[in-house]
Amino acid sequence: MTIDRTTGIGVTILGSGTCVPSLARSACAALMTAGSSHLLFDAGPGSMRRLLEAGVRIQELSHLCITHFHPDHTGELAPLLFANKYPDASLRREPLTLMGGPGFLDFLTRLEGVYGAWIKLDAGMCEMIETPPDGRLNYAAGGWHLETIPVRHNPESVAYRLSLEGGPAVVYSGDTDYSENLVQLARNTDLLICEAARPDEQPVAGHLTPSMAGRMASEAGARKLMLTHFYPDCDDVDLVAQCRRTYDGPVVLAQDLMHLEVS
Ligand SMILES: [Zn+2]
Ligand SMILES: [Zn+2]
């Protein structure tokens, strides 16, 4: 079956886990394909290997969208930039756009301060974009549109909404506590990929539980909810049942390399 990327968004979860090393779950990353673009949301440890397993080469990534600077979301950023140089930089045919919330350019400068030229792409092959200080950015390319909004986790934390012109929309929460902004961004979205790091019985500030994620999905009118970013404490818990306390739409529990077509 050929997939029409002008009317649908392909979503592949590359990492459904956390900072806790796991053979089953890499740290946070989600690949989305829209039009001819491959957008990677977060680059936690293990992302590159999962990207290869999903059949996409490093040099085919067009956009790398970071939600915040915690290592479980950025740990593979430097190796990923470095990997663009092997076997030589000519394999990359179009620039890589790096995107993040307030302070992102400074974050990249500091990373370059450590790794120097090893993580610098050739001239014209890298574009860096930082949202305005309010965390709200609108960005359009190739028939799709990206919007960011600040969420409640770190000062630089933003969530992303990827939408096709006249087509579906997917929202990626990053890490957050309950957030009215996220509800607003996820209004009528076809898929909300939302962190639910902790079970209902063990909430922690700055993160969500399944029923909190479900509440936001209900308030937003999200048509489908995917929970992700599971700490090991989630392993033996019925997360769907907890989510059902607040949301009655379709619920999916993310697994590494799970693929969804959103149309
Ligand atoms: Zn975090
Ligand atoms: Zn995290």
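Up top you'll find the structure we're talking about.
First, a word on what this report is: a plain description of the structure on this page.

Analysis parameters
- Residues numbered from 1 in each chain as written.
- Chains lettered and ligands numbered in written order.
- Predicted model: local features only at pLDDT ≥ 70, side-chain atom pairs only at ≥ 80, totals over all residues.
- Heavy atoms only, no water.
- Pairing = 2+ DSSP bridges.
- Helix = DSSP H or I, 4+ residues; strand = E, 2+ residues; numbered from the N terminus.
- Axes fitted to C-alpha atoms, helices over the stretch in contact; angles between N-to-C directions.
- Donors = N, O, S within 2.8 Å, 3.2 Å for Na, K, Ca; no water.
- Tetrahedral: all angles 85-135°; square planar, octahedral: opposite > 155°, others 65-115°.
- Salt bridge = Lys/Arg side-chain N within 4 Å of Asp/Glu carboxyl O.
- Buried < 20%, exposed > 50% of the residue type's maximum accessible area, 1.4 Å probe, protein only.
- Core = buried A, V, L, I, M, F, W, Y, C linked by side-chain atoms within 4.5 Å.
- Contact = heavy atoms within 4.5 Å.

## Describing the sheet that holds strand S12 (residues 225-228)
- Spatial ordering of the open sheet is given by S7-S8-S9-S10-S11-S12-S13, a layout of seven strands whose pairing is mixed. The open sheet has two edge strands, strand S7 (138-141) and strand S13 (251-253), and neither has a second partner. If you compare each strand with its neighbour and ignore which way they point, the axes differ by 15° on average.
- For S7 and strand S8 (residues 144-150), the ladder comprises four bridges, and the chain directions are antiparallel. Across the sheet, residue Ala 140 finds its bridge partner in S8, namely His 145.

## As for the coordination of the zinc ion (ligand 1)
- Each protein donor to the zinc ion (ligand 1) is listed here as His 68 (NE2), His 70 (ND1), His 153 (NE2) and Asp 175 (OD); together their distances run 2.1 to 2.4 Å.
- Because the angles between the four donor atoms bound to the zinc ion (ligand 1) fall within 92 to 167°, the donor set is best described as irregular.
- Between consecutive donor residues of the zinc ion (ligand 1), the sequence gaps follow H-x1-H-x82-H-x21-D.

## A few points about the coordination of the zinc ion (ligand 2)
- Protein-derived coordination of the zinc ion (ligand 2) comes from Asp 72 (OD), His 73 (NE2), Asp 175 (OD) and His 229 (NE2), at a distance range of 2.1 to 2.3 Å.
- Taken together, the four donor atoms coordinating the zinc ion (ligand 2) and their angles of 90 to 160° define a geometry best described as irregular.
- Coordination of the zinc ion (ligand 2) draws on donor residues from a single chain, spaced D-H-x101-D-x53-H in sequence.
- Between the zinc ion (ligand 2) and the zinc ion (ligand 1), the interatomic distance is 3.4 Å, and Asp 175 donates to each metal, bridging them.

## Some points on the pattern of salt bridges
- Applying the stated criterion across every chain yields a total of eight salt bridges.
- Close ionic contact of Arg 50 with Glu 53 constitutes a salt bridge, the shortest N to O distance being 2.9 Å. In this pair, Arg 50 and Glu 53 are both assigned in helix H1 (residues 47-53), three residues apart and thus about one turn of the helix distant.
- The class of Arg 50 is buried, set by a relative accessible area of 13%.
- In this structure, the salt-bridge partner of Glu 219 is Arg 215, at a minimum N-O distance of 3.0 Å. Of the two residues, Glu 219 and Arg 215 are both situated in helix H6 (residues 210-220); the distance of four residues between them amounts to about one turn of the helix.
- What emerges from the salt-bridge pattern is a single network uniting Arg 50, Glu 53 and Asp 256.

## Topic: the nonpolar core
- Of all hydrophobic cores here, the largest spans 29 residues; its most connected members are Val 11, Met 32 and Leu 146.
- Contributions of two or more residues to this core are made by strand S1 (9-15), strand S2 (29-34), strand S3 (37-41), S8, strand S9 (158-164), strand S10 (169-172), strand S11 (191-195) and strand S14 (259-262).
- No other element matches S9, which puts four residues into this core.
- Sequence-distant contacts of Val 11, that is, excluding residues within four places in its chain, are made with Leu 31, Met 32, Val 170, Leu 191, Ile 193, Met 258, His 259, Leu 260 and Val 262.
- Formed by 26 residues, the second largest nonpolar core is a distinct cluster that contains Leu 182, Cys 194, Leu 208 and Leu 239.

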